[in-house]
Amino acid sequence: MEHGKTAVRRLEKFHKGTDFKAYEFFGCHKVRGDVYVFRVWAPHAKSVRLSINGNSADMLLLSDGESFEAEAKCTAGDVYFYEIETLDGRVLQKADPYAFKSDFPNSFFSQVCDLTEPSEYPQLFSRSKKEEPVNIYEVNLLSWNKHADGSYYTYRELIKSLVPYVADLGYTHVEFMPVTEYPFDGSWGYQVTGYFSVTSRLGTPEEFKELVNAFHTAGIKVILDWVPAHFPKDDWGLYEFDGQPLYECPLWDRMEHSGWGTRRFDFGKGGVDSFLLSSAYFFFDIYRIDGLRVDAVASMLYLNYDRAEGDFTPNIYGDNRNLEAIEFLKKFNVVIKRDFAGAVTVAEESTAYPKVTAPIEDGGLGFDYKWNMGWMNDVLFYCRQDPYFRNYHHNKITFSMVYAFSEKFILPLSHDEVVHVKGSIVNKMSGEYEAKFAGERALLGFMFAHPGKKLNFMGYEFAQFKEWDYTAGLDFFLADKYELHAKMKDFVRALNLFYKNNPPLYEIEDGWTGFKWLVVDDRYNNLIAFSRYSESGESVTAVINFSGIELTGYKVPIEKGSYRLVLNTDDKAFGGSGRIRKKVYLTEKQTDGNGGYCLNLNIPRLSCMYLKKD
């Protein structure tokens, strides 16, 4: 138990926004034997009582005049909450913001938990300065698979099923949609009430540690979704915690996120910054995760995000930037990169805000990657069009290269794209049954050759037709019973392994030395072709025919040499027609008088071909 000067210094750091391990002080901690100490921040409270298993005791005010403390005898698993008497006489029952374990679904309160030691298992941080393959399988742990009675797979059941599944398909990373405790399944975890507690629906904190370690043992890095932008208005959570705005901003135009029905955090307030930064730090420190993907960054950066024109107060410079949130994000990246070298931070940022992935010393926010939402929207729009009309939208598949090197991007086909009547990935594709499969294979071939790291949401790998349903598991029976679904899974596995084993597809992601257009403007044939290069000069050439007809004798300008067909999405093994059997192609002299060379190719409809120079 921290007393005297130690506690005073700790509280000073907390209020300055520089205590990145506030979970060691606040919350519930064993002192000795069966005695635990409880501490809570409630500056506007008239008084606070600790309630454990129906018994309550007064909490004492600490030296900062804002925090309270009490000791009590209890055991791990006991349920507790805080009774906060407000200045206007109300009594609020609040879960512990720093609880390591929630009592959900039995109640919305907290459980005494002895989670104090970091996982004994190490991270899989990479300290290499070279670009590495990043191929992420995004998964919702509650709905990846379910038992026949509708119950969840536990963390330990996921160790036996999800880990080998992801490893077999060749992914480098797995990304969990939020596992920080939340009350409503329909929020998919994005309305968080427990910023230090993994969801109790699936098991214990120790079992979650085991799940992370199981992925590490399989050579797969673990990224978590993290939600520092906003929180829900459940009366037992952070909402007006001590009777007044505390974690949320009190200003009229910064308090609410009306579109989501949530409250916005008060960035720049020391206690709030310490709380959020400690939450991020906690998952690296205790659970040994490898990365965080920060949700809804755009809503943090702009004061007028999701607000009517003029319905906000400009900052001191007269513009719409949220200066406090921007500094918070910089501080987040500084702290995580300083103390966890090799950790990955990713921004889900949907605007053109500059330098999201630039170093902080160069005026950036310091993230490692940013989701490329523009690429995602453009390419999926294009793939929905009938090939006959795609020539009117050719720029949708070429425009991304105008800005491809402005940030370090991840290309996402995420959960947001397979819900709310948007259609699953395969069902977005134009055409009849077999054409949809061919279209998805061509899209993935394009995606994996395009500059940027990769992320795909669960279910695409065997072409699930129905949209993601958070109340049900995936339709795994499709790959067991139907040939095209099984072959799609084989294709995804082959594509993942090819990507991982071919440096041209991932080594140079920041400039034109790693990319060269070969065919960029053939809108009438719906065709593009380009080469990717590694640092050693090795190349992979991608030729994608997005049209509904086979192109015969098509000439692709390229450097003189012999080229081997190394992957063809129209291969029979992947569910294609198998019409192309030729494996080696020699260049021919172009007849346009420019003295260049070309490959003379027959290119199946809705297909992608990868060729490597011998």
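Structure report, in brief. (Residues numbered from 1 in each chain as written. Predicted model: local features only at pLDDT ≥ 70, side-chain atom pairs only at ≥ 80, totals over all residues. Heavy atoms only, no water.)

**Here's the deal with the overall build of the protein chain**
Operational definition: Numbering of helices and strands runs from the N terminus; a helix is a DSSP stretch of H or I covering at least four residues, while a strand is a stretch of E covering at least two. Every radius of gyration here is taken over C-alpha atoms, with the globule rule written as 2.2 Å times N^0.38, N being the number of residues. To sort residues, take the accessible area from a 1.4 Å probe on protein chains only and compare it with the maximum for the residue type: under 20% means buried, over 50% means exposed, and anything in between is partly exposed. Any pair of residues with heavy atoms lying within 4.5 Å of one another is described as a contacting pair. Only the protein chains shown count as cover for residues, and all accessible areas are computed by the Shrake-Rupley method using a 1.4 Å probe. Note that His is not counted, nor are the chain ends; the positive residues are Lys and Arg, and the negative ones are Asp and Glu. Every charge is mapped to an atom, namely NZ of Lys, CZ of Arg, CG of Asp or CD of Glu.
The helix and strand tally for the protein chain stands at 12 helices and 31 strands. At 27 Å, the protein chain has a C-alpha radius of gyration in line with the 25 Å of a compact globule built from 614 residues. Considering only C-alpha atoms, the protein chain reaches an extent of 90 × 55 × 40 Å along its principal axes. A total of 614 residues make up the protein chain; the buried ones form 61% of that total. Of all intrachain contacts in the protein chain linking residues separated by at least 6 positions in sequence, the fraction that spans at least 24 positions is 71%. Put simply, the protein chain shows about 23,800 Å² of open surface, and 50% of that area lies on carbon and sulfur atoms. Distance between charge centres in the protein chain, computed from 70 positive and 85 negative side chains, equals 6 Å.

**Thoughts on the pairing of strand β2 (residues 35-41)**
Basically, it comes down to this: A pair of strands counts as paired when DSSP detects no fewer than two bridges linking them.
Of all seven residues making up β2, seven are buried, and the element is well covered by its neighbours. Neither face of β2 is open: one carries V35, V37, R39 and W41, the other Y36, F38 and V40, and all of them are buried. As defined by bridge partners, strand β1 (residues 27-32) adjoins β2 across five bridges and the pair is classed as antiparallel. Directly across from C28, in β2, lies its bridge partner F38. Relative to strand β6 (residues 67-73), β2 runs antiparallel, the two being bridged by seven bridges. Residue W41 lies in a different strand from β6, and its bridge partner there is S67.

**Let's talk about the side chain of S562**
Within the element layout of this structure, S562 appears in strand β27 (residues 562-568). Once residues within four sequence positions are removed from consideration, S562 is found in contact with V584, Y585, L586, K612, K613 and D614.

**Digging into the pairing of strand β19 (residues 344-347)**
Burial along β19 is two-sided: V344 and V346 facing one way and T345 and A347 facing the other are all buried. With four bridges joining them, strand β18 (residues 291-294) and β19 adopt parallel strand pairing. Each residue of the ladder has a partner; that of G291, found in β19, is V344. As judged from the two bridges shared by β19 and strand β20 (residues 369-371), these two strands associate in the parallel manner.

**Notes on helix α12 (residues 483-500)**
Our working definition: Given a helix with a known number of residues, its expected span is that number minus one, times 1.5 Å.
With 18 residues, α12 extends 26 Å between its outermost C-alpha atoms, agreeing within 8% with the 26 Å of an ideal straight helix rising 1.5 Å per residue. By the burial criterion, the buried members of α12 are L484, H485, M488, K489, F491, V492, L495, N496, F498 and Y499.

**Here's the deal with the layout of surface pockets**
The following threshold applies: Grid spacing is 1 Å over the protein atoms alone, the probe is 1.4 Å, and a cavity is where that probe fits but cannot get out, while a pocket is an open set with protein on both sides within 12 Å along at least five of seven lines and lining residues have an atom within 4 Å of a point. Grid points are joined across faces, edges and corners, and a volume is the space filled by probe spheres set on the points. Three categories are distinguished: nonpolar for Ala, Val, Leu, Ile, Met, Phe, Trp, Tyr, Cys and Pro, charged for Asp, Glu, Lys and Arg, and polar for the others, with Gly belonging to the last.
Its volume calculated, the second largest pocket comes out at about 540 Å³. Lining the second largest pocket we find 23 residues, and of these W188, W260, D295, E348 and D416 sit closest to its centre. Among the secondary structure elements, those contributing two or more residues to the lining of the second largest pocket are α5 (297-301) and α7 (373-384). Here the lining of the second largest pocket is built from residues that sort into eight nonpolar, nine polar and six charged.

**Remarks on the sheet that holds strand β21 (residues 409-413)**
Put simply, the rule is: Every axis in this analysis is a line fitted to C-alpha atoms, fitted for helices over the stretch in contact. Angles between the N-to-C directions lie between 0 and 180 degrees.
An order of β10-β11-β14-β18-β19-β20-β21-β22 is seen for the eight strands of this closed barrel, with the pairing classed as parallel. Sheet twist, expressed as the mean angle between neighbouring strand axes with direction ignored, is 25 degrees. Contacting β11 (173-176) and β14 (221-226), helix α3 (residues 205-217) crosses the sheet at an angle of about 135 degrees to β14.

**Side note on the pattern of salt bridges**
Quick note on the threshold: Salt bridge, as used here, is a side-chain nitrogen of Lys or Arg placed within 4 Å of a carboxyl oxygen of Asp or Glu.
Tallied over the entire structure, the rule returns 47 salt bridges. Two residues, R49 and E83, come together in a salt bridge whose shortest N-O distance is 3.9 Å. Of this pair, R49 sits in strand β3 (residues 47-52) while E83 sits in strand β7 (residues 79-85), and the two are 34 residues apart along the sequence. On the accessibility criterion, R49 (28% relative accessible area) is partly exposed.

**Regarding the packing of α7 against helix α10 (residues 433-449)**
When two helices pack together, you describe them by how their axes are tilted relative to each other and by the distance separating the axes. Note the following rule: An angle counts as roughly parallel when it lies under 35 degrees, as roughly antiparallel when it exceeds 145, as roughly perpendicular when it falls between 65 and 115, and as oblique in every other case. For any helix crossing, the convention is left-handed if the near helix is rotated counterclockwise from the far helix by under a right angle, and right-handed if that rotation is clockwise.
At a minimum axis separation of 11 Å, α7 and α10 run at an interaxial angle of 155 degrees. With respect to α10, the axis of α7 lies roughly antiparallel. The way α7 lies across α10 gives a crossing that is right-handed. Contacts between α7 and α10 involve W375, V379, L380 and C383 on the former and, on the latter, L443, F446 and M447. When the residues that make up the contact of α7 with α10 are grouped by side-chain class, the tally is seven nonpolar, no polar and no charged.

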